[in-house]
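Results of the structural survey
Next come the chains, spelled out residue by residue.
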Amino acid sequence: MIAHTDIFNGIVLGLQVASDPTNILFCLLGCLVGTLVGVLPGLGPTATIAILLPLTFGLQPVTGLITLAGIYYGAQYGGSTTSILLRLPGEASSVVTAIDGHAMTRNGRGGAALTIAALASFLAGTIATFFMAAFAPVLAVAVLKFGAPEYFMLMFLGLITSVVLAQGSVLRALAMIMLGLLLGLAGTDVNSGQYRFDFGFYELLNGVPFVPVVVGLFGIADILVALEKAVKDEAPPVLNRISSLWPTKREARRATPAALRGTVIGLVLGLLPGGGALLSSFMAYTAEKRFSNMPDRFGTGMVEGVAAPEAANNSGAQTAFLPLLTLGIPSNAIMALMVGAMMVHGIVPGPRIMSNQPALFWGLIASMWIGNLMLLVINLPLVGIWVQLLKIRYQYLFPTILVVSIIGIYGVEFTTFDVYLTAIFGLLGYFLYKCRCEPAPLILAFVLGPMMEEYFRRSMLVGRGDLSIFVTHPISLAMLVVTILLLSSLLFPFIQSFRQKAFAE
Amino acid sequence: MGPGFFPKAVAGLLILLGIIIFVVSGRDVSPPEDDEPGIGLLSLTRILFFVIGSVVLFGLTLSPLGLPVATFLMVALASAARSGARPVPVFLTAIVLSVLATLLFAFVLQLQVPVYPELLK
């Protein structure tokens, strides 16, 4: 089994890799860009990671992943800053923080709120790192029992869960999954060499390229939507005076258990397919309110209302990497982007990663802790600057995004086909938005599609064309049952109202 | 089952879902918040055409005209998509971004993109 020494060696290796000067530099870069993106409303970590993905191709795989990961959890920090100070959540996962966080600012305790958010996030990040280090080897061992049917079922479960636990219409999200699967299936069939969905373009023989799809659906479509909304650049609301940065002893005493509770919620929810930072923060806030002995005071500036969601979104963001690193299966759209990044570097995500690429695996985990430390140290002094950045006019911001994205995309394969593809998917993304369809399930399915088909075909080979193989294997059957339960739970009014209330923001 | 099975099955499910969504006719989504007035069809068409068109334009002009010119055209067209765009800021933004982009991508990152127009070669 996994010995303690293996984990210890792993952590040591990880710290060595993560302390490499290049990796530290790019970790810092990622965290800064992430915070920036988190502060600016409208540009999310998903689109940013998609846009900067091509630019990381020249780096070492570890360095590239460290940078992209830094953007993800850095955005959680940035989003909370504007959430607390200006009631402008820069990130969806910071929406709940705004409720009590801004109330604290109105009470003159804005500085304390920021510090509590930062410390809670750091605490959560540290615990999450240890959790990942300890839990990942266990998961990797358990997964060795997985065969083709189990993998297929797990991906299927993951797709369905991400739809059920997310906001918006489940029907349309399912349709998005189907569309994503179809897009992912385009290209050359592995087993027979047949060309599918290539429309006569030789560029599509290897499948629809990943980056143009993501940048088009998330980046370009965002720009189209923002321009349509004719977002007026308002001057940022006046910053209330921050009396002091440090929380009082009483505040700290109440915030700490809340942060711990939030961390645990994030640890668990981050692991779930479809989970991550957003879901974790919502759940943590709801749980705090539910289990507090002063539920009515929430909204007036309760420190628990800041500490818990902030801790949860950070630990959730980190544990969301676990299914990817141990099973090779992305659990949400951002992880799907990480898969894309890995595959471009020639690294196939899967349970073998821990043994084949220990430096990558442990280095990434260790750098998350280092990144959290950097964010803690940097962010509080830089608060003033972040707020000033909100003054950048969108008319200068969006052409910049456009330039970086498009040139970056060209730089991947040096073919203008990719550029035209981006334009097409940008248009598609806009229409999906108009049709109230979420693009995230599409991306997830797009990445999982080829893998799912391969495991399905293998299962059919093993089972000689008999579909019952999925129910005769116990683990696969269990997952199928859970999936059906999840889908049918949607029919219950309790779940329906819960989803509506949770996402009413 | 062959190479066509999985795509056909998925496509079939998609068609089925499409029919269900059509039949449900909007009862599956929360009603849209209609507090902002929509912008006119002309403005919307302009946004869509100009932004998407700017990307296509970039693709078309990159080889013949080189990176700086292609970027300039892309930024100019895209910036013009915004309602309330004025010629001078658009022009300046385009110039600044095309210069910065060329410096960053062609020189700092050493990306192999054509910089000079074909005609000058």
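Scope of this entry: the structure provided in the associated data block.

Cut-off values and rules
- Residues numbered from 1 in each chain as written.
- Chains lettered and ligands numbered in written order.
- Predicted model: local features only at pLDDT ≥ 70, side-chain atom pairs only at ≥ 80, totals over all residues.
- Heavy atoms only, no water.
- Helix = DSSP H or I, 4+ residues; strand = E, 2+ residues; numbered from the N terminus.
- Buried < 20%, exposed > 50% of the residue type's maximum accessible area, 1.4 Å probe, protein only.
- Contact = heavy atoms within 4.5 Å.
- Rg over C-alpha atoms; globule rule 2.2 N^0.38 Å.
- Buried area = accessible area lost by both parts, 1.4 Å probe.
- Salt bridge = Lys/Arg side-chain N within 4 Å of Asp/Glu carboxyl O.
- Polar contact = N/O pair within 3.5 Å; in protein donor to acceptor, adjacent residues only side chain to side chain.
- Nonpolar A, V, L, I, M, F, W, Y, C, P; charged D, E, K, R; others polar.
- Phe/Tyr/Trp six-rings, centres within 6.5 Å; stacked < 30°, edge-to-face > 60°.
- Patch = residues over 30% accessible without salt bridge, like charges linked within 9 Å, V, L, I, M, F, W, Y side chains within 5 Å.
- Areas by Shrake-Rupley, 256 points an atom, 1.4 Å probe, with all protein chains shown as cover.
- Core = buried A, V, L, I, M, F, W, Y, C linked by side-chain atoms within 4.5 Å.

1. Digging into the overall build of chain B
Counting secondary structure elements, chain B contains 4 helices and 0 strands. Along its sequence from the N terminus, chain B presents helices and strands in the succession α-α-α-α. Counting over 121 residues, chain B shows a buried share of 35%. Here the contacts in chain B between residues at least 6 apart in sequence split such that 57% fall between residues at least 24 apart.

2. Details of the overall build of chain A
Each helix and strand counted, chain A has 22 helices and 2 strands in total. For chain A, whose C-alpha radius of gyration is 22 Å, the value lies close to the compact-globule estimate of 23 Å for 505 residues. Across the 505 residues in chain A, those meeting the buried criterion constitute 60%. Pairs at least 24 residues apart make up 78% of the contacts formed inside chain A by residues separated by at least 6 positions.

3. Details of the interface of chain B and chain A
Counting from both sides, the interface comprises 52 residues of chain B and, opposite them, 50 residues of chain A. Both sides together, the interface formed by chain B and chain A hides about 4400 Å², and carbon and sulfur atoms give 83% of it. Counting the contacts that link chain B with chain A gives 0 salt bridges. Inspection of the chain B/chain A interface yields 3 residue pairs in polar contact (both at pLDDT 80 or more). When contributions to the side of chain B that touches chain A are tallied by element, the ones reaching two or more residues are helix H1 (5–24), helix H2 (41–65), helix H3 (67–79) and helix H4 (87–108) of chain B. When residues in the side of chain B that touches chain A are grouped by element, the largest group, 12 residues, is from H2 of chain B. Of the residues in the side of chain B that touches chain A, the class split is 40 nonpolar, 10 polar and 2 charged.

4. Remarks on the packing of aromatic side chains
Per the counting criterion, the structure on display carries 18 aromatic pairs over all chains. Ring geometry for Phe456 of chain A against Phe6 of chain B: centres 5.5 Å apart, planes inclined by 45°, an arrangement best described as tilted. With Phe456 of chain A in helix H19 (residues 440–462) and Phe6 of chain B in helix H1, the pair connects residues from two separate chains. An aromatic cluster is present here, built from Phe152, Phe156, Phe456 and Phe470 of chain A together with Phe5 and Phe6 of chain B joined pairwise through their rings.

5. Some words on a nonpolar patch on the surface
A cluster of nonpolar side chains, namely Val88, Phe91, Leu92, Ile95, Val96, Val99, Leu100, Leu103 and Phe107 of chain B, defines an oily patch on the protein surface of about 830 Å² accessible area. On the secondary structure map, Leu100 of chain B appears in helix H4.

6. Structural notes on the environment of Ile223 of chain A
Residues and elements named next belong to chain A. Topologically, Ile223 is positioned in helix H9 (residues 210–229). Given the relative accessible area of 2%, Ile223 is considered buried. Distance in space between the C-alpha atoms of Ile223 and Leu397 is 9.8 Å, their sequence separation being 174 residues. Setting aside chain neighbours within four positions, we find Ile223 in contact with Tyr394, Phe398, Ile401 and Leu402.

7. Things to note about the pattern of salt bridges
Residues and elements named next belong to chain A. Scanning all chains against the criterion turns up 5 salt bridges over all chains. Glu304 is the partner of Arg254 in a salt bridge, and the nearest nitrogen-oxygen pair spans 3.2 Å. Here Arg254 is found in helix H10 (residues 249–271), whereas its partner Glu304 is found in helix H12 (residues 304–319), with 50 residues between them in sequence. Residue Glu304 is classed as buried on the basis of its relative accessible area, which comes to 10%.

8. Examining the nonpolar core
Membership of the largest hydrophobic core comes to 189 residues, with the highest contact counts inside it found for Val208, Phe321 and Met338 of chain A together with Phe58 of chain B. If near-sequence neighbours (up to four positions away) are discounted, Phe58 of chain B is found in contact with Ile406, Ile407 and Val419 of chain A together with Leu67, Ala70, Thr71 and Met74 of chain B. Residues Val96, Phe282, Tyr285 and Phe298 of chain A belong to the second largest nonpolar core, which totals 5 residues.

9. Side note on the side chain of Thr319 of chain A
Residues and elements named next belong to chain A. Secondary-structure assignment places Thr319 in helix H12. With relative accessibility at 0%, the residue Thr319 sits in the buried group. Not counting residues within four places of it along the chain, the set of residues in contact with Thr319 comprises Phe131, Met132, Gly266, Leu267, Gly270 and Leu271.

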